[in-house]
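Read off the chains here:
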Amino acid sequence: MSEQDPDTTDFDRAVRTHDEAVAAMGLAIWVGTEPTFTDRFSEAPEWLSTALGEDKASRAEQLLCALQTRTGGLVLRTRGRQYPGEDEPRWSLGLYARRDGAPIWHGPPDPALGATPDSDCDLGGLHSALCTSLRQIGCGVRAIAADEGCLHVVARFPNADQAAVEDDPNAGLSEPMQVDPALEGPGLEDPALDETQATDGLPCFVLDRIPWQGAQVARVELPDCESVEQFARCLAAIGNAAANAGLPALLLTGHPPPVDATVSWTTITPDPAVIEINMAPYPDVTGLLAATRTLYAASSELGLAPYRLYYNGAVADSGGGGQITFGGPSPQASPFFGAPLVLPRLVRYLNRHPALSYLFAHDHIGSSGQAVRTDERGRDAFRELGLALALLERGPPPDAETLWSGLSHLLTDAIGNSHRAELNIEKLWNPYLPGRGKLGLVEFRALRMQHTPGRAAALAALLRAIIAMLCTRDLAAPLCDHGDDLHDRYALPYYLERDLEEVFADLRTAGLGLDAPLAELLRRNRVRLIARVQHRDCELTIRRAVEFWPLIGDVGRQDQETSRLVDASTTRLEICLRAIEGTPAEDFHDWRLAVDRVRLPWRAEQDPQGPAKVFGLRYRSFVPWQGLHPALPAQGPLSLTLWHPGHVDALHLTLHDWRPSGGGYDGLPADLAEAAARRAERCVAESASPPAPETLRTPPPEAVTPYALDMRWLALGLDNPDPAWTEGA
């Protein structure tokens, strides 16, 4: 029952077929991912809830080195994000490389790569060599001594690079940056010059030393460069200077580097419970798959997992998500600007297909989750969204600014946080996010961390195919008001899987259908399986369904935190009964199921596999330390009885949330196969007699929805028998 990718040859061929289909349409749709990994055996806070920790920093550095050994690239230690309540920016480790394979760095390596110095570095020698190196490439240079052993070097590069225009993605380049005329010539040095005046608007290098395994290692803080070309010149000057100074190792820190289609930039950063890898984007899924395989292999060798296993065999997220982002080779070449109506169409398509929101999602979804759908914000917002889409679609093609501003206030969660929207466009063309807001990117956030590289690639291909389809086809579908069905019908995997088949059919019609290895991998959903039991001529399957956990506490205050508290004590199951091939239809129709003396009101369905009976079951699986309904106890184990009025025997199942024999487990499951075995062990099957009709009771009306029985209401009592339940078909 372990999650494994299919045969490599067939799978890779299917991925190439997808890439060829998109390329044949003349579309450039780049894709990047943000996988997250955890130490699933650790119970330290850094691997359970907090962002920072010594072990996490060490493991992240080891992962960086493992990736650098496999793929090459320059190690950069840049400033990470700083979140509310945190005193310092988080660390960020990265690999910077040219996409054509040519080396981008000719200086000494980062000391983490094994180049441990045996003596203290000569900072003065590096400083002098850097000034010389910059002059040799025609830079005006000014050296400034600073306090606490730091040295500053300010440079004016010849033929100043031109910066990208911030106001129009379809325009050319801006005027060259303005620089201080005093730095026109080489070799200009003035120790008395005011530091603020000297560095204003110009690249400034900061040099110092830090301790590293008993020695002092030189560190250069990189300036904030305007372009990839200027950054390459900085690296060349620093590398040449460090080599001339005889340094065995060098730390490069400072501002994140500029990127374009000629370079790749992958970062490793801390997040609550995980380390997050922001992978460099790729022009096709083939490249993404190769890089993802490398990453998963390196992470596994370091004991880092893409999922978490509980003692009872339940499978949970790594602690982070597995977001997938789409854009183009440049902001101006984003597919969302080349085909301005594709984003409104995508909003409509996601609305009409909840499978794309819930089937591959992480655990915390719904109106208070981490990936809020457009129709989970409330009815007023949903009506406004309909008007916004109509205005964008029926007028002239919207420009980048109009596209972003027309949707940015509606693609958010209930309190306006755009980072917690299912479709995140905060980096599309956002003037309020300096430096990274105008990148032409759209991020899908309703995605759990995929357990294998193949699943990650298959999901990327699915979403990329949908975008390609919508670039050329208007499905002309209005927004769908799912109402209560959204969190009732589409909480059950059965209906999500049928919805996914509709998506597959749309892609086939558009000439973008996914080949069997991709589609079959996306259909596979083994980690939700709890039990599968055969009885006579039918098979009963119990799977974990989707549950929408509510936030606890002050939502406004929690929104300022990096993680939020929810009540996860409600579990939803899907009960599905299928006939074994050859069973008469009338016999299958008469099968019945009772749960704790309550007859389950099946929904009769028909699909390509034949007839099925489906229904959901909600119950409180544990009492949280802080949550809703403090007077409601845990409701396990559950008692289920399956019977047929034409047979004298019945099947009795006891569904435990913990080990049926009691006591603790011998540690966490070693792998997904052992976790599946523990889940199966929790369902105990026995022969029994059919229940007597007089023992069955009717639940309160509030307990039954069209697609689920909420057993939490049964705590109010079951006193009245109901012939419609006990004797009805």
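These remarks concern the structure in this document.

Calculation criteria
- Residues numbered from 1 in each chain as written.
- Predicted model: local features only at pLDDT ≥ 70, side-chain atom pairs only at ≥ 80, totals over all residues.
- Heavy atoms only, no water.
- Helix = DSSP H or I, 4+ residues; strand = E, 2+ residues; numbered from the N terminus.
- Buried < 20%, exposed > 50% of the residue type's maximum accessible area, 1.4 Å probe, protein only.
- Contact = heavy atoms within 4.5 Å.
- Core = buried A, V, L, I, M, F, W, Y, C linked by side-chain atoms within 4.5 Å.
- Pairing = 2+ DSSP bridges.
- Salt bridge = Lys/Arg side-chain N within 4 Å of Asp/Glu carboxyl O.
- Phe/Tyr/Trp six-rings, centres within 6.5 Å; stacked < 30°, edge-to-face > 60°.
- Polar contact = N/O pair within 3.5 Å; in protein donor to acceptor, adjacent residues only side chain to side chain.
- Axes fitted to C-alpha atoms, helices over the stretch in contact; angles between N-to-C directions.
- Parallel < 35°, antiparallel > 145°, perpendicular 65-115°, else oblique.
- Left-handed = near helix turned anticlockwise from the far one by under 90°.
- Nonpolar A, V, L, I, M, F, W, Y, C, P; charged D, E, K, R; others polar.

Each helix and strand in the chain was counted, giving 18 helices and 29 strands. The buried share of the chain, reckoned over its 729 residues, is 54%. In the chain, 73% of the contacts between residues at least 6 apart in sequence involve partners at least 24 apart.

Let's shift gears to the nonpolar core. Counting residues in hydrophobic clusters, the biggest one holds 85 residues, and the most contacted among them are Leu343, Leu346, Leu462 and Ile466. The greatest single-element share of this core, amounting to 14 residues, is contributed by helix H12 (residues 453-472). Aside from chain neighbours lying at most four places away, what touches leucine 346 is Phe336, Leu423, Phe444, Ile466, Ile467 and Leu470. Counting 38 residues, the second-largest nonpolar core is a separate cluster that includes Tyr96, Phe205, Phe231 and Leu252.

What follows deals with the sheet that holds strand E16 (residues 323-327). Read across the sheet, 4 strands follow the order E1-E16-E18-E17 without closing on themselves; strand pairing throughout is antiparallel. Only two strands of the sheet have a single neighbouring strand rather than two, namely strand E1 (30-34) and strand E17 (423-424). Across 5 bridges, E1 lies against E16 in antiparallel orientation. Each residue of the ladder has a partner; that of glutamate 34, found in E16, is glutamine 323.

Attention now moves to the pattern of salt bridges. In this structure the tally under the stated criterion is 36 salt bridges. Between aspartate 380 and arginine 383 there is a salt bridge, with the nearest N and O atoms lying 2.4 Å from each other. Of this pair, aspartate 380 and arginine 383 both sit in helix H10 (residues 379-394), 3 residues apart, roughly one helical turn. For aspartate 380, a relative accessible area of 54% corresponds to the exposed category.

With that settled, the discussion passes to the pairing of strand E19 (residues 529-535). In terms of burial, E19 is a largely internal element, 5 of the 7 residues being buried. Where E19 lies against strand E20 (residues 538-544), 6 bridges are found, and the strand directions are antiparallel. Bridge pairing in E20 links glutamine 534 to glutamate 539. In textbook terms, the turn of a hairpin is the stretch between consecutive antiparallel strands, and for E19 and E20 this stretch comprises 2 residues, one of which, arginine 536, has a positive phi near 55°.

So, about the environment of valine 263. Relative to the helices and strands, valine 263 is located in strand E12 (residues 263-271). Considered as a pair, valine 263 and arginine 98 are 165 residues apart in the sequence and their alpha carbons are 4.3 Å apart. If sequence neighbours within four positions are ignored, valine 263 has contacts with Tyr96, Ala97, Arg98, Arg99, Ile104, Val228 and Pro258.

With respect to the secondary-structure elements, alanine 612 resides in strand E25 (residues 610-620). Looking at alanine 612, the relative accessible area reads 1%, which means it is buried. Each C-alpha atom, one on alanine 612 and one on cysteine 576, is 6.8 Å from the other, the two residues being 36 residues apart in sequence. For alanine 612, the contacting residues outside a window of four places in its chain are Tyr494, Cys576, Leu577, Arg578, Phe588, Arg603, Ala604 and Glu605.

Our focus in this paragraph is the packing of aromatic side chains. Each aromatic ring pair is characterised by the separation of its centres together with the angle its planes make. On inspection of all chains with the given rule, the structure shows 10 aromatic pairs. For the ring pair tyrosine 358 and phenylalanine 548, a centre distance of 5.2 Å and an interplane angle of 70° mean the geometry is edge-to-face. Of this pair, tyrosine 358 sits in helix H9 (residues 355-358) while phenylalanine 548 sits in the loop between E20 and helix H15 (555-558), placing them 190 residues apart in sequence. Looking at tyrosine 358, the relative accessible area reads 1%, which means it is buried. On the basis of an interplanar angle of 45° and a centroid distance of 6.1 Å, the ring pair of tryptophan 404 and tyrosine 432 is categorised as tilted. Within this pair, whereas tryptophan 404 is found in helix H11 (residues 400-407), its partner tyrosine 432 is found in the loop between E17 and strand E18 (442-444), the two being separated by 28 residues in sequence. Since its relative accessible area comes to 9%, tryptophan 404 is described here as buried. Classification of tyrosine 432 as exposed rests on a relative accessible area of 69%. Ring pairs connect the aromatic residues Tyr96, Phe231 and Trp265, which therefore count as one cluster.

Once that is clear, we can look at the sheet that holds strand E22 (residues 592-595). With antiparallel pairing, 5 strands are arranged side by side in an open sheet as E23-E22-E26-E27-E28. Every other strand in the sheet has two partners, leaving strand E23 (598-599) and strand E28 (683-688) as the edge strands with one partner each. By the bridge criterion, 4 bridges tie E22 to strand E26 (residues 638-643) in an arrangement that is antiparallel. Residue pairing in the sheet places leucine 593 in a bridge with leucine 642 of E26.

This part covers the side chain of serine 133. As for its placement among the helices and strands, serine 133 is situated in helix H3 (residues 123-136). A polar contact is formed between the side chain of serine 133 and the backbone oxygen of alanine 237, at a distance of 3.0 Å. Not counting residues within four places of it along the chain, the set of residues in contact with serine 133 comprises Ala236, Ala237, Asn240 and Ala241.

Next up on the list: the environment of valine 75. With respect to the helices, strands and loops of the structure, valine 75 is situated in strand E3 (residues 74-79). For valine 75 and leucine 250, which are 175 residues apart along the polypeptide, the C-alpha to C-alpha distance reads 9.9 Å. What valine 75 contacts, discounting residues up to four positions off in sequence, is Leu64, Gln68, Gly94, Leu95, Asp110, Leu113 and Leu252.

For the rest of this paragraph, the subject is the side chain of aspartate 39. Structurally, aspartate 39 is set in the loop between strand E2 (36-37) and helix H2 (54-71). Given a relative accessible area of 12%, aspartate 39 falls into the buried group. For aspartate 39, the side chain forms a polar contact with the side chain of arginine 59, separated by 3.2 Å. Leave out the neighbours within four places in its chain, and aspartate 39 touches Trp47, Arg59, Gly303, Leu304 and Arg308.

Before going further, it helps to examine the packing of H2 against helix H6 (residues 285-301). Contact geometry for H2 and H6: axes closest at 10 Å, N-to-C directions at 135°. By the angle class used here, H2 and H6 are oblique. Viewed along their axes, H2 and H6 form a crossing whose handedness is right-handed. Note on element contacts: H6 touches H2 through Thr294, Leu295, Ala297, Ala298, Ser299 and Glu301, opposite Leu63, Ala66, Leu67, Arg70 and Thr71.

Attention now moves to the packing of H6 against H12. Contact pair H6 / H12: the axes reach a minimum separation of 9 Å and the direction vectors enclose 155°. The angle between the axes of H6 and H12 places the two elements in the roughly antiparallel class. Considering only the axes of H6 and H12, their crossing is right-handed. In this structure, H6 contributes Val285, Leu288, Leu289, Thr292, Arg293 and Tyr296 to the contact, and H12 contributes Pro453, Gly454, Ala456, Ala457, Ala460, Ala461 and Arg464. Partitioning the contact of H6 with H12 into residue classes produces 9 nonpolar, 2 polar and 2 charged.

Once that is clear, we can look at unusual backbone geometry. Along the chain, glycine 636 connects to proline 637 via a cis peptide bond; the corresponding omega equals -5°. In this structure, glutamine 213 is a non-glycine residue whose phi angle is positive, near 50°. With respect to the helices and strands, glutamine 213 occurs in the loop between strand E9 (204-212) and strand E10 (215-222). Positive phi, close to 50°, is recorded for aspartate 596, a residue that is not glycine. Position of aspartate 596 among the secondary structure elements: in the loop between E22 and E23.

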